Amino acid sequence: MYEKVSFSGGSTGNLLRYLKTKHPTVPLQRNVQVNESNSEIIDDSEPSTSMNQNPTGQQSSSAATIATTSTAYLRPHNKRQISIANFIQKPIPMSKSKMIDQQLVKMIVKEYHPFSVVEDVEFRNLIKMLSPTYVIPSRKTVTQSLMPQMFEMTVECVKDTLKNVEAVCLTTDGWTSRTNQSFISVTAHFIDPKNETHVSSVLLGCIDFDEKHTSDNLARFLRNMVEEWSLSNKLTAIVTDNAANIKSAIKKCKWRWLSCFAHSMNLTVQSSLKCIDSTLTKIKSIVQYFKKSSHALAKLNDYQKRIGSHILKLKQDCPTRWNSTYDMVNRIIAIKDPIIATLAVLGNPELNCLNPQDWIILENARDILKIFYEVTTEISAEKYDKLLARFGDIEENHLITQATLLDPRFKKFAFSNKNHCKNAVDFLKAKAQSIIIESGEPIHQQIATTTSTSNSSSALWKEFDETVVNLIGGSNSSVAGIIEVDKYLNEPLISRAENPLVWWAERKKVYPRLYTLVKRRLCIMATSVPCERIFSKAGQVVSERRSRLSASKISQILFLNHNM
């Protein structure tokens, strides 16, 4: 509502008293200087229009209306008078201030900004324009108060989530920062009861580890981590690379260990590529030459333009990633003609050394490397032996075979050995028999109860009910477990593109024992890639602008970055 107050005599004292009485919570400040040289009134404060007008362009309060009306009478001839409304700024509510604080911390940890951003002049100007009364916290407040508070809140949220989880799979790996700080990352993966259609992941910690990476030290570190998060009775398996120290540490903790599939495959491929090492060395030299010489690169790009093709850049391989070798080979084949022509023009005989046989080898290598898991004898005669050495016993690993059988996309059809498949099915039945459904028998118990009730009231259905109970196993857990497995395996496969967890979520009441196993097995990760992703983020956190971050701050930033 608008309210107009009139006055006479040219004095604003009564108006100020009126404002203080009607709006006691609104601070009234005037910081006016008189420039004696030209007798103008100059305002030292920054005017704000956000408090004077609402989105429709009208004044938003009676106080602002009074102040604006009064200034019409206060403006002397040839003098500029600042409106009283410019000195009235309503304090931001405490709840909103806290929300902005949290968003500020989230922006820093999620977008990899340095803490000094709160001291940047242009950033502060931006915040002042958006919310003039918001007090930007200092760098010290952000690092020592706001972020630790948010860290503790997020830790409690993660613990609450893990409290209701039935089984978890951990992945772990080590990393050294650009400042030579050593970290160990641990991630947990599980089927969340609140969303049973996908595997959820949380970061338990990326903790600095300055001790020697012996199996005893690693075992103690992992044991403390598992106990801290109360996962001792929920741990299904730990997935790591093939390093001897971490394997030994997990065995000392008496946990089940699985090798990272991607790491094992990378080792196999790298070993197989040794037989064409001379050809790969040649193309590595060519790629490196074009990477370093801007003149040569310009010639290569110019030739691609003249023949009307897209300008493609050469790619260099990385020893730790097998697919980077494929990328390098595939790209140099894609621009084969421009490469040959450019090297001929540049007249460098040392680089223009790829003969027709080398190109044939590269084309064959590209076709083989394109298929991630198939490395054929065209690359190396030792390929088959290497695959057998690393994956030959995969069908005898109970964790993997159970997870495979419980995947409705594959079941028995994923096995190449019939004996291994039979053993896996028998073991799955034994596991199903050992599971006791504590919350009651969703289907079997109900039918058994119904049967006993009908026996007492009618002899008509007695024979039928007894037959049904025998078919489903009744209250006999062992028989019911075997029947569940047989019935499940006889169901048709689903499409390979479908989500198996969605299929199981719809049938968890039909196969209660198997679904208990599903939650323990289908949360197992095939690789330790999640930890590698954490380290990719860590590389952005410990940047040139943030190279002085303490290890504890790095851990908190990464934890919040992943779990918020």
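Residues numbered from 1 in each chain as written. Predicted model: local features only at pLDDT ≥ 70, side-chain atom pairs only at ≥ 80, totals over all residues. Heavy atoms only, no water.

(A) View of the overall build of the protein chain. For the protein chain, the helix and strand inventory stands at 23 helices and seven strands. Taken over 564 residues, the protein chain has a buried fraction of 42%. Excluding contacts between residues fewer than 6 apart, the proportion of contacts in the protein chain whose partners are at least 24 apart in sequence is 66%. Carbon and sulfur atoms make up 51% of the accessible area of the protein chain, which amounts to about 31,500 Å² in all. (Helix = DSSP H or I, 4+ residues; strand = E, 2+ residues; numbered from the N terminus. Buried < 20%, exposed > 50% of the residue type's maximum accessible area, 1.4 Å probe, protein only. Contact = heavy atoms within 4.5 Å. Areas by Shrake-Rupley, 256 points an atom, 1.4 Å probe, with all protein chains shown as cover.)

(B) Quick peek at the nonpolar core. One finds Leu162, Leu170, Leu204 and Trp229 to be the most contacted residues of the largest nonpolar core, which totals 62 residues. The residues touching Leu204, leaving out its near neighbours within four places in the chain, are Leu162, Leu170, Val186, Thr187, Ala188, Met225, Trp229, Leu231 and Phe559. (Core = buried A, V, L, I, M, F, W, Y, C linked by side-chain atoms within 4.5 Å.)

(C) How the structure looks around unusual backbone geometry. Positioned with a positive phi, Tyr112 is a non-glycine residue whose angle comes to about 60 degrees. Within the fold, Tyr112 resides in the loop between α3 (94–110) and α4 (121–130). Phi is positive for Asn180, close to 65 degrees, though the residue is something other than glycine. Tracing the backbone shows Asn180 in the loop between β3 (168–176) and β4 (182–191). Using a relative accessible area of 65% as the deciding quantity, one classes Asn180 as exposed.

(D) Geometry of the environment of Asn323. Structurally, Asn323 can be placed in helix α11 (residues 322–334). For Asn323, a relative accessible area of 25% gives the class partly exposed. Considering only alpha carbons, one finds Asn323 and Lys370, 47 residues apart in sequence, at a separation of 8.3 Å.

(E) Seen up close, the packing of helix α22 (residues 529–541) against helix α23 (residues 551–563). Here α22 crosses α23 at 125 degrees, and the two axes come no closer than 10 Å. Of the possible angle classes, the one that applies to α22 and α23 is oblique. The interaxial crossing formed by α22 with α23 has right-handed handedness. Contact residues: Ile534, Lys537, Ala538 and Val541 in α22; Ile557, Leu558, Asn561 and His562 in α23. Each residue belonging to the contact of α22 with α23 can be placed in one class, and the counts come to five nonpolar, two polar and one charged. (Axes fitted to C-alpha atoms, helices over the stretch in contact; angles between N-to-C directions. Parallel < 35°, antiparallel > 145°, perpendicular 65-115°, else oblique. Left-handed = near helix turned anticlockwise from the far one by under 90°. Nonpolar A, V, L, I, M, F, W, Y, C, P; charged D, E, K, R; others polar.)

(F) Broad picture of the environment of Lys106. One can find Lys106 in helix α3. According to the relative accessible area criterion, Lys106 is partly exposed, its value standing at 33%. Sequence separation of Lys106 and Leu560 is 454 residues, and the distance between their C-alpha atoms is 7.9 Å. Setting aside anything within four residues of it in sequence, one finds Lys106 in contact with Glu111 and Met564.

(G) A look at the pairing of β4. For β4, the tally of buried residues reaches ten of ten residues, placing the bulk of the element in the interior. Side chains Ser182, Ile184, Val186, Ala188 and Phe190 project from β4 onto one buried face, and the interleaved Phe183, Ser185, Thr187, His189 and Ile191 project onto a second face that is buried too. Pairing of β3 with β4, which is carried by eight bridges, proceeds in the antiparallel orientation. Residue pairing for β4: Thr171 is matched across the bridge by Thr187. The hairpin formed by β3 and β4 contains five residues between the paired strands, and Asn180 there has a positive phi angle of roughly 65 degrees. Examined bridge by bridge, β4 and strand β5 (residues 199–208) share nine bridges and lie antiparallel to one another. Looking across to β5, one finds that His189 is bridged to Ser201. (Pairing = 2+ DSSP bridges.)

(H) A look at the pattern of salt bridges. Per the counting criterion, the structure on display carries 16 salt bridges. For Lys284, the salt bridge is made with Asp317, and the minimal N-O distance between the two is 3.6 Å. With a gap of 33 residues between them, Lys284 in helix α9 (residues 277–292) and Asp317 in the loop between α10 (294–306) and α11 connect regions that are remote in the sequence. Classification of Lys284 as partly exposed rests on a relative accessible area of 29%. For the salt bridge of Glu506 with Arg507, the shortest nitrogen-to-oxygen distance reads 3.4 Å. Of the residues examined, Glu506 reaches a relative accessible area of 59% and is grouped as exposed. For Arg507, a relative accessible area of 23% gives the class partly exposed. What emerges from the salt-bridge pattern is a single network uniting Glu166, Lys519 and Arg520. (Salt bridge = Lys/Arg side-chain N within 4 Å of Asp/Glu carboxyl O.)

(I) Focus on the sheet that holds β4. In spatial order, the strands read β5-β4-β3-β6-β7; together these five strands make up an open sheet with mixed pairing. Of all the strands in the sheet, the pair left with one neighbour each is β5 and β7 (257–259). Across this sheet, the average inter-strand angle for adjacent strands is 25 degrees, counted without regard to direction. The sheet contacts of helix α6 (residues 215–228) involve β3, β4, β5 and β6 (235–240), and relative to β4 the element is tilted by about 45 degrees.

(J) Quick peek at the confidence of the model for the protein chain. Here the protein chain averages 79 in pLDDT, while 75% of its residues score no lower than 70. Mean pLDDT across the elements of the protein chain bottoms out in strand β2 (residues 40–43) (42) and peaks in α6 (95). Note on residues 440–456: pLDDT is under 50 here. Beyond four places in sequence and across chains, it has 21 contacts. (pLDDT = per-residue confidence, 0-100.)

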